[in-house]
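Coordinates in review
Residue-level listing of the chains:
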Amino acid sequence: MKKIDKNKLILGIAAPVLAIVAALAITSVIILATGKDPIHAYLVMADFGSKSDSQVWIINKAVPYYLSALAVAIGFRMNLFNIGVDGQYRIAAFFAAVVGGALTLPGFLQIPIIIIVAMLVGSVWAGIAGLLKTTRGVSEVITTIMLNAIAAAVIGYFLQDGRLAVKDGNLFHTPNLPASSHFFTIPTQPAPLDGFLVIAVVVGFVYWFVLNRTRFGFDLRTVGQSESAAEAGGVSVQRMIVTSMLLSGAAAGLIGMPTLLGSSYNYGTDFPIGIGFTGIAIALLGRNHPLGMAAAALLWGFLERTGTQLEFEDYQQEIVGVMQGVIVLCVVVAYELVRRYGLRLQQRQVGAELAAQARKTEKAEVSS
């Protein structure tokens, strides 16, 4: 038993190490192909990323990335590919901004209302895909992609002067949230940390606890591994699919809140987009584990922060994008290789144990 645990530990460490080594090797070759020194690039990134202002920036940037990865991971654990997280968080943030801009309440009421509206809108938007999958058998990949486009169209229609938005120079945005809607910050030097970091930590803990310490989480993981086995155990697969999509959408509703409540205080044409797709990559990097996704989100923020410094060193600006893509591919390939090796190792161990048991039985029969 101890040997099996030791092997699992070794394999668990081998996968990320293999991925990092492969990613560094491939990225180095790519940088060399551009005529630049990869070692110098890594030193520049490490030096700039270790500065205190960069560390604060990276953590603040990682918060929405982490929430996006959690939203994606909920679906992944059910073998559901919620590609629509980007549309879900954008339409959730938009309507939350509209509701928040129309209210003037004390902060202890205003902020929870805005967050709840965002989670409800994101949940409903994702639930559409869940219902279509369970009632009509439509792939959630197709429906969530289409819902992304529909969300963008709905936002574009209402985000106009005279509808639910106002014109501010060349931008259109919803009415500004009152001061009571401004989320708290964590005082640090040289800049404050986004207070939504606390919410991200709480949500990550809830995600881990529900999946690993509750009957619902067990059912969810069972359905993801084998729908037929789950049905045989009395689990309603259709109900679990819809519930998982609702929870994924609710988590997606939180993604835009750090920006809405912490910096922009409205939803405008300059509101960040694409975070939902970044969450897919981070969920893959983190293997759907809350700590793994946190590390991946920080890594993503680190690459984006230090990538700007590489441009001042006359490196191609596309290098960071290439590095991000290479890391994702290396992680996916490395974990798959390690998983297959671990499976073969387990099969050999089981075979050896069965052979040993057979020999014992044969000797017992001979001696008797």
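An unreviewed UniProt entry lists the chain under the name ABC transporter permease, with Streptomyces bugieae given as the organism. Regarding the chain, the UniProt comment filed under Subcellular location (unreviewed entry) reads as follows: "Cell membrane".

Attention now moves to the overall build of the chain. Each helix and strand in the chain was counted, giving 14 helices and 4 strands. Overall size of the chain, expressed as C-alpha extent along the three principal axes, is 95 × 55 × 35 Å. Across the chain, every contact between residues at least 6 apart in sequence was considered, and the portion connecting residues at least 24 apart equals 75%. Entry remark: accessible area of the chain is about 18800 Å², with carbon and sulfur atoms responsible for 66%. With 26 positive and 22 negative side-chain charges, the chain shows a separation of 11 Å between the mean positions of the two kinds.

Feature annotation in UniProt assigns "transmembrane region" (unreviewed entry) to the following positions: residues 9–35, 55–76, 88–105, 111–132, 141–159, 191–211, 241–261 and 319–338. What you have in residues 55–76 is 100% helix and 0% strand, and the ends, taken at the C-alpha atoms, are 30 Å apart. Helix makes up 76% of residues 191–211 and strand 10%, with an end-to-end C-alpha separation of 35 Å.

With that settled, the discussion passes to the pattern of salt bridges. Summed over the entire model, instances satisfying the criterion amount to 8 salt bridges. For K36, the salt bridge identified is with D314, shortest N-O distance 3.2 Å. Of this pair, K36 sits in the loop between α1 (2–33) and α2 (38–49) while D314 is found in the loop between α13 (290–312) and α14 (319–367), placing the two residues 278 residues apart along the sequence. Here K36 falls in the partly exposed class, since its relative accessible area comes to 25%. Overall, the relative accessible area of 54% leaves D314 in the exposed class. The salt bridge involving R340 is made with E336; its shortest N-O contact spans 2.8 Å. Remark: E336 and R340 occur in helix α14; sequence separation between them is 4 residues, near one turn of the helix. You can call R340 partly exposed: its relative accessible area is 47%. Counted as one network, the salt bridges with shared partners bring together E336, R339 and R340.

In the contact formed by helix α12 (residues 275–285) and α14, the axes pass within 9 Å of each other and the chain directions differ by 40°. On the basis of the axis angle, α12 is oblique to α14. As for how α12 packs across α14, the hand of that crossing is left-handed. Contacts between α12 and α14 involve A281, L284 and L285 from the first element and I327, V328, V331 and V332 from the second. Among the residues forming the contact of α12 with α14, the class breakdown is 7 nonpolar, no polar and no charged.

Looking now at the nonpolar core. Formed by 88 residues in total, the largest nonpolar core has its most connected members in F196, M257, L260, L261 and M293. Broken down by element, this core gets its largest block of residues, 12 residues, from helix α3 (residues 52–76).

The next point concerns the environment of G233. Looking at the secondary structure, you find G233 in the loop between α9 (227–232) and α10 (237–253). Judged by its relative accessible area of 51%, G233 falls in the exposed class. Separated by 41 residues in sequence, G233 and G274 place their C-alpha atoms 39 Å apart.

This brings us to α2. Along its 12 residues, α2 runs 16 Å from first to last C-alpha, staying within 8% of the 16 Å computed at 1.5 Å per residue. Restricting attention to buried positions, one finds in α2 the residues P38, A41, V44, M45, F48 and G49. All buried residues of α2 fall inside an arc of 120° around its axis, so they share one side. Among the exposed residues of α2, those oriented more than 90 degrees off its buried face are I39 and L43. Here α2 starts with a cap whose side-chain oxygen sits 3.1 Å from the backbone nitrogen of I39, and that cap is D37.

Side chains of F184, V198, V202, F205, V206 and F209 sit close together on the surface and give an oily, nonpolar patch of about 530 Å² of accessible area. Looking at the element boundaries, F205 is found in helix α7 (residues 196–213).

The subject of this paragraph is the packing of aromatic side chains. In the structure shown here, the tally under the stated rule is 10 aromatic pairs. Where F94 meets Y267, the ring centres are 5.6 Å apart and the plane angle is 85°; that geometry is what we call edge-to-face. Of this pair, F94 sits in helix α4 (residues 85–102) while Y267 sits in the loop between α11 (257–264) and α12, and the two are 173 residues apart along the sequence. One exposure class covers both F94 and Y267, and it is buried. When the ring of F183 is compared with that of F196, the centres are 5.0 Å apart and the planes differ by 50°; the resulting orientation is tilted. In this pair, F183 is assigned in the loop between β2 (171–173) and β3 (185–186) and F196 in helix α7, connecting sequence segments 13 residues apart. Accessibility expressed as a relative area gives 0% for F196, which makes it buried.

What counts, and where the lines are drawn
Residues numbered from 1 in each chain as written. Predicted model: local features only at pLDDT ≥ 70, side-chain atom pairs only at ≥ 80, totals over all residues. Heavy atoms only, no water. UniProt positions renumbered as here; feature names shortened; annotations may be inferred. Helix = DSSP H or I, 4+ residues; strand = E, 2+ residues; numbered from the N terminus. Contact = heavy atoms within 4.5 Å. Areas by Shrake-Rupley, 256 points an atom, 1.4 Å probe, with all protein chains shown as cover. Lys, Arg positive; Asp, Glu negative; His and termini not counted. Charge placed at Lys NZ, Arg CZ, Asp CG, Glu CD. Salt bridge = Lys/Arg side-chain N within 4 Å of Asp/Glu carboxyl O. Buried < 20%, exposed > 50% of the residue type's maximum accessible area, 1.4 Å probe, protein only. Axes fitted to C-alpha atoms, helices over the stretch in contact; angles between N-to-C directions. Parallel < 35°, antiparallel > 145°, perpendicular 65-115°, else oblique. Left-handed = near helix turned anticlockwise from the far one by under 90°. Nonpolar A, V, L, I, M, F, W, Y, C, P; charged D, E, K, R; others polar. Core = buried A, V, L, I, M, F, W, Y, C linked by side-chain atoms within 4.5 Å. Expected span 1.5 Å × (residues − 1). Arc of directions from axis to C-beta. Polar contact = N/O pair within 3.5 Å; in protein donor to acceptor, adjacent residues only side chain to side chain. Patch = residues over 30% accessible without salt bridge, like charges linked within 9 Å, V, L, I, M, F, W, Y side chains within 5 Å. Phe/Tyr/Trp six-rings, centres within 6.5 Å; stacked < 30°, edge-to-face > 60°.

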